[in-house]
Amino acid sequence: MRTPWIVGVSGASGTPYAKAVLGALLDAGESVDLVISKAARLTLLDETGASVRDAHWKDDVGAWLGRDLGSADLTYWPANDLAAGPSSGSYPAKGMAVVPASTASCAGIAIGLSKDLLQRAAEVNLKERRRTVVVPRETPVTRSHLEHLIALHDAGAVVLPASPGFYGAGAEATAQQLIDFVAGKVLDALDVPHSLSARWRGELNAQRSPLGGP
């Protein structure tokens, strides 16, 4: 039985994180279901120039990810399709990552709003006790945002802010290295093997030479 990971892309800035997570899951041979919210389409267009059309999703998503999706086990669900597979707990799934997770999507998932398929699918994964990772990126945060994140934590989600570490690549890390660091943390939370970033080995400067260099 096909049992995918569901990846939800919300409207927060940070679509490169979603790209890195999707690419790593596909590279690992995982089945993936993709939901891109209405707001995320605008962010994606603004940050990358890429557009995603429901009727041409495979070409559009492939262009965004920079890969041929011909052999990829990737299913796309329109965000307004509340009758889609991931809207039901009986639909088989390993879990879900919402990356990036906007404050609005965090709030909607936390209170069970089910405004669109992304929110509904995340709520379903929480109620079914499946791995659910939310990746908030916006900063600073308000008290209400913190309360929603606590509610998500208490419901069983992994709250994984998009906070990159520098110990793998140093202060001269490229944007892609910082993106991959966060994406790697998401894959770790999903328990999916990857080689996106260097791991701490208990040795100072083990990843860089000379000291402080890339």
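Values in this document were obtained by computation on a predicted structure and should not be read as measured data.

Asks: Kindly report on the packing of aromatic side chains, identifying the contributing residues and their values.
Replies: Under the defined criterion, the tally for this structure stands at four aromatic pairs. Geometrically, the ring pair formed by W77 and Y91 is edge-to-face, given 6.1 Å between the ring centres and 90 degrees between the ring planes. Placement of W77 in the loop between β3 (74-76) and β4 (95-101) and of Y91 in the loop between β3 and β4 is noted, with a sequence separation of 14 residues between them. Each of the two residues, W77 as well as Y91, counts as buried. Both rings, one in Y167 and one in W200, keep their centres 6.0 Å apart while their planes meet at 75 degrees; by these two values the pair is edge-to-face. In this pair, Y167 is assigned in the loop between β6 (158-159) and α7 (175-190) and W200 in the segment after α7, connecting sequence segments 33 residues apart. Judged by its relative accessible area of 34%, Y167 is partly exposed. Members of the aromatic cluster, connected to one another through ring pairs, are Y167, F181 and W200.

Asks: How would you sum up the pairing of strand β5 (residues 131-136)? Please name residues and give values.
Replies: With five of six residues buried, β5 lies mostly within the body of the structure. As defined by bridge partners, β4 adjoins β5 across five bridges and the pair is classed as parallel. Across the sheet, M96 pairs through a bridge with T132, a residue of β5. In this structure, β5 lies alongside β6, joined through two bridges in parallel fashion. Across the sheet, residue V134 finds its bridge partner in β6, namely V159.

Asks: Provide a residue-level description of helix α1 (residues 15-27), including the pertinent values.
Replies: Taking 1.5 Å of rise per residue, the 13 residues of α1 would be expected to cover 18 Å, and the 18 Å separating its terminal C-alpha atoms lies within 8% of that figure. Counting buried positions along α1 gives 10 out of 13 residues, so the element sits mostly inside the fold. Within α1 the residues assigned to the buried category are T15, Y17, A18, A20, V21, L22, G23, A24, L25 and L26. The inward-facing, buried residues of α1 abut β1 (5-9), β2 (32-36), α2 (38-48), α3 (57-65), β4 and α7.

Asks: How would you sum up the nonpolar core? Please name residues and give values.
Replies: Counting residues in hydrophobic clusters, the biggest one holds 39 residues, and the most contacted among them are L25, L34, V61 and W64. Considering each element in turn, this core owes the most residues, eight residues, to α1. Other than its neighbours up to four places away in sequence, W64 contacts T15, A18, K19, L22, I36, L44, T48 and A50. Counting 21 residues, the second largest nonpolar core, distinct from the first, contains W77, V98, L118 and A121.

Asks: For the sheet that holds β4, give the residues involved together with the corresponding values.
Replies: In a beta sheet, neighbouring strands pair by backbone hydrogen bonds and run either parallel or antiparallel. The six strands lie next to each other as β3-β2-β1-β4-β5-β6, forming an open sheet whose pairing is parallel. Unpaired on one side and paired on the other, β3 and β6 mark the two borders of the sheet. In the packing of α1 onto the sheet, contacts are made with β1, β2 and β4, and the angle to β4 comes to roughly 150 degrees. Lying over the sheet, α7 contacts β1, β4, β5 and β6, oriented at roughly 160 degrees with respect to β5.

Parameters at a glance
Each chain carries its own residue numbering, running from 1 in the direction its sequence is written. Side-chain atom pairs in this predicted model are given and counted only at pLDDT of 80 or more, local residue features only at pLDDT of at least 70, and totals for whole chains, interfaces and linings cover all residues. Where side-chain values are given, they derive from all heavy atoms of the structure, hydrogens and water being excluded. Put simply, two rings from Phe, Tyr or Trp (the six-membered ring, in Trp's case) pair if the centres are within 6.5 Å, and we call them stacked under 30 degrees between planes, edge-to-face over 60, tilted for the rest. Secondary structure is summarised from DSSP: a helix means a run of H or I of at least four residues, a strand means a run of E of at least two, and numbering begins at the N terminus for each. Relative accessible area decides the class of each residue, using a 1.4 Å probe on protein chains only: under 20% of the type maximum gives buried, over 50% gives exposed, and in between gives partly exposed. A pair of strands is considered paired only if DSSP assigns at least 2 bridges between the two. Take the residue count of a helix, subtract one, and multiply by 1.5 Å to get its expected span. Working rule for contacts: check all heavy atoms of both residues, and any pair within 4.5 Å makes them a contact. Grouping buried Ala, Val, Leu, Ile, Met, Phe, Trp, Tyr and Cys residues that are joined through side-chain atoms within 4.5 Å yields what is termed a nonpolar core. Axis definition: a line fitted to C-alpha atoms, limited for helices to the stretch in contact. Angles are taken between N-to-C directions and run from 0 to 180 degrees.

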